[in-house]
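# Structural overview
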Amino acid sequence: MAKDHGPQIKDDKLYEDLREDGASKEKAARIANAKAAGSLDHRGSPLEDRAKDDLFDQAREIGIECRSTMTKDELIEAIRDHH
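Residues numbered from 1 in each chain as written. Predicted model: local features only at pLDDT ≥ 70, side-chain atom pairs only at ≥ 80, totals over all residues. Heavy atoms only, no water.

The next subject is the side chain of E16. Position of E16 relative to the elements: it lies in helix α1 (residues 12–20). With no salt bridge to any partner, buried E16 finds its closest opposite charge in K13, at an N-O distance of 6.0 Å. Every residue in contact with E16, bar those within four places of it in the chain, is listed here: A2, K3 and H5. (Helix = DSSP H or I, 4+ residues; strand = E, 2+ residues; numbered from the N terminus. Buried < 20%, exposed > 50% of the residue type's maximum accessible area, 1.4 Å probe, protein only. Lys, Arg positive; Asp, Glu negative; His and termini not counted. Salt bridge = Lys/Arg side-chain N within 4 Å of Asp/Glu carboxyl O. Contact = heavy atoms within 4.5 Å.)

See below:
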């Protein structure tokens, strides 16, 4: 059973899971509360629908090395594996 983190945390179990995975208290609270409110939206564009240049830019931002030699599929895989 999840510990009660007070009224400011709407989903105590998810909050604890996120904290165990290394999320900050603030980030875990935002995600847990958004999910509890039903406003957590994951309908962003799938990586496969994005241009290779956009994927390359994202790979650069998150520090993926050797990205200049990667195909679009390799960039997608590297971005997904990075998280």
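The next point concerns unusual backbone geometry. For C66, which is not a glycine, the phi torsion comes out positive at approximately 65°. Tracing the sequence through the fold places C66 in the loop between α3 (52–62) and α4 (72–82).

What follows is about the packing of α3 against α4. As a packed pair, α3 and α4 sit with axes 10 Å apart at the nearest point and diverge in direction by 35°. Considering how the two elements wind past one another, α3 and α4 form a crossing that is left-handed. Of the residues in α4, those in contact with K52, L55, F56, Q58, A59 and I62 of α3 are K72, L75, I76, I79 and H82. The class makeup of the residues in the contact of α3 with α4 is seven nonpolar, two polar and two charged. (Axes fitted to C-alpha atoms, helices over the stretch in contact; angles between N-to-C directions. Left-handed = near helix turned anticlockwise from the far one by under 90°. Nonpolar A, V, L, I, M, F, W, Y, C, P; charged D, E, K, R; others polar.)

On the secondary structure map, Y15 appears in helix α1. A C-alpha to C-alpha distance of 9.8 Å links Y15 and K3, two positions 12 residues apart in sequence. When near neighbours in sequence (up to four residues on either side) are disregarded, Y15 contacts H5, I9, K25, A28, A29 and A32.

Another point: the packing of aromatic side chains. Counted under the stated rule, the structure contains zero aromatic pairs. For the cation-ring pair, R67 lies above F56, with the distance from its terminal atom to the ring centre recorded as 5.5 Å. (Phe/Tyr/Trp six-rings, centres within 6.5 Å; stacked < 30°, edge-to-face > 60°. Lys NZ or Arg CZ within 6 Å of the ring centre and 35° of its normal.)

Another aspect to go through is the pattern of salt bridges. Enumeration according to the criterion identifies four salt bridges in this entry. A salt bridge links D17 to K13; the nearest nitrogen and oxygen atoms lie 2.9 Å apart. Taken together, the residues span about one helical turn, with D17 and K13 both in helix α1 at a distance of four residues. For D17, a relative accessible area of 28% puts it in the partly exposed group. We classify K13 as partly exposed; its relative accessible area is 48%. Between E26 and R30 there is a salt bridge, with the nearest N and O atoms lying 3.0 Å from each other.

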